[in-house]
Amino acid sequence: LAKTTQPISMDSYEGQEVNITCSHNNIATNDYITWYQQFPSQGPRFIIQGYKTKVTNEVASLFIPADRKSSTLSLPRVSLSDTAVYYCLVGDGGGFQKLVFGTGTRLLVSP
Amino acid sequence: DAGVTQSPTHLIKTRGQQVTLRCSPKSGHDTVSWYQQALGQGPQFIFQYYEEEERQRGNFPDRFSGHQFPNYSSELNVNALLLGDSALYLCASSLEVEQYFGPGTRLTVT
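Presented here is a report on the structure given in the accompanying data block. The structure displayed is predicted, hence computed values, not measured ones.

All names here are of chain B. Going through the model one piece at a time under the given rule, you end up with 11 aromatic pairs over all chains. The interplanar angle of 50 degrees and the centroid separation of 5.4 Å between the aromatic rings of Tyr-35 and Phe-101 together place this pair among those described as tilted. Placement of Tyr-35 in strand β4 (residues 31-37) and of Phe-101 in strand β10 (residues 99-101) is noted, with a sequence separation of 66 residues between them. For Tyr-35, a relative accessible area of 0% translates into the label buried.

Here's what the structure looks like:
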């Protein structure tokens, strides 16, 4: 499974756009990129998944360049409630995949 | 829909004891995975059950075992508890793409 690298922590202010970049140099041809969010003492929550170019849903956008060796999770206009740990994962994208979590990016949103 | 539920919420055990954790998957989900999350770390995959069989296993010793019942609910058993087994144990269920996680069981081994 491809290893991912992401910043340990990021700080932001309410209302700003936050971009978290993840590096996955050894991503396989059939791998998808998936992001999860986790609040303290809760299980991770699926945010978004993509294979190439751009994917957008009601909470985030995921940008994937043509070489797919990195990806960027974009959170528009963050609020205090977006303070959490964000994990970038790569894998076959199916519900049966063994999710391999790194240490994630701890995002702190301040007033 | 109740989502994924786990019991108990918290548990305190002594070294050498055995523990059983329980998980009820989201309605309609037939696959259950278990993860261990130590403080400050990302979740680590323990194993996955599908159709009452262990489908995949992570790098965990045989002290960790599981079971899936016909109604898709699952149990995680840990024998001969060690201090290092103290962690948040997460259950996730899935059907197609997303894995839905429960709130976890916080296990403390003293």
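Before going further, it helps to examine the state of the cysteines. Considering all chains together, one arrives at 2 disulfides over all chains under this definition. Two residues share a disulfide in this structure: Cys22(A) and Cys88(A), whose sulfurs sit 2.2 Å from each other. Around the S-S axis, the bridge from Cys22(A) to Cys88(A) shows a dihedral of about -80 degrees and counts as left-handed. Note that Cys22(A) is positioned in strand β2 (residues 18-23) and Cys88(A) in strand β8 (residues 84-91), a separation of 66 residues in sequence. The buried category is assigned to Cys22(A), whose relative accessible area is 0%. Linked covalently through their sulfurs, Cys23(B) and Cys91(B) form a disulfide whose S-S length is 1.8 Å. Between Cys23(B) and Cys91(B), the S-S dihedral sits near -55 degrees, and the bridge is therefore left-handed. Of this pair, Cys23(B) sits in strand β3 (residues 19-24) while Cys91(B) sits in strand β9 (residues 87-94), placing them 68 residues apart in sequence. Judged by relative accessible area, which is 0%, Cys91(B) ranks as buried.

Here we come to the sheet that holds strand β1 (residues 9-13) of chain A. Residues and elements named next belong to chain A. Taken together, the 5 strands give an open sheet; going across it, the order is β1-β9-β8-β3-β4, and neighbouring strands pair in mixed fashion. Strand pairing shows two members of the sheet lacking a second neighbour, β1 and β4 (45-50), which therefore form its edges. When the angles between neighbouring strand axes are averaged without regard to direction, this sheet yields 25 degrees.

Quick look at the interface of chain A and chain B now. Counting residues at the interface gives 19 residues for chain A and 25 residues for chain B. Both faces considered, chain A and chain B share a buried interface measuring about 1700 Å² in area, 52% of it formed by carbon and sulfur atoms. In this assembly, chain A and chain B are joined by 0 salt bridges. Between chain A and chain B we count 5 residue pairs in polar contact (both at pLDDT 80 or more) in total. Elements represented by at least two residues in the side of chain A that touches chain B include exactly β3 (32-38) and β4 of chain A. Classifying every residue of the side of chain A that touches chain B gives 7 nonpolar, 11 polar and 1 charged.

The rules behind the values
Per-chain numbering applies: the sequence of each chain, read as written, is numbered from 1 onward. Following the order in which they are written, the chains are lettered starting with A and the ligands numbered starting with 1. A pLDDT threshold of at least 70 governs which residues receive local features in this predicted model, and a stricter bar of 80 or more applies before side-chain atom pairs are shown or counted, although totals over entire chains, interfaces and linings include all residues. Note that the side-chain values use all heavy atoms of the structure and ignore hydrogens as well as water. Any Phe, Tyr or Trp ring, taking Trp's six-membered ring, that has another such ring centre within 6.5 Å forms a pair; planes under 30 degrees apart are called stacked, those over 60 apart edge-to-face, and the others tilted. Every helix listed is a DSSP run of H or I at least four residues long, and every strand listed is a run of E at least two residues long, numbered separately from the N terminus. Buried means the residue's accessible area, taken with a 1.4 Å probe over protein chains only, is under 20% of the maximum for its type, while exposed means over 50%, and partly exposed covers the values in between. For the purposes of this analysis, a disulfide is any pair of cysteine sulfur atoms at a distance within 2.5 Å. At least two bridges found by DSSP between two strands are what make those strands a pair. In this description, a line fitted to the C-alpha atoms serves as the axis of each element, helices being fitted only across the stretch in contact, and the angle between N-to-C directions of two axes falls anywhere from 0 to 180 degrees. When checking whether two residues touch, look at their non-hydrogen atoms; a contact exists if any pair is within 4.5 Å. Here the quantity called buried area is the accessible surface, traced with a 1.4 Å probe, that two parts lose on coming together, added over both. Basic side-chain nitrogens of Lys or Arg form a salt bridge, by our definition, when they fall within 4 Å of a carboxyl oxygen of Asp or Glu. Counted as a polar contact is a pair of N or O atoms within 3.5 Å, where, for protein atoms, one must be capable of donating a hydrogen and the other of accepting one, and residues adjacent in sequence contribute only when both atoms are in side chains. Each residue gets one label: Ala, Val, Leu, Ile, Met, Phe, Trp, Tyr, Cys and Pro are nonpolar, Asp, Glu, Lys and Arg are charged, and the others, such as Gly, are polar.

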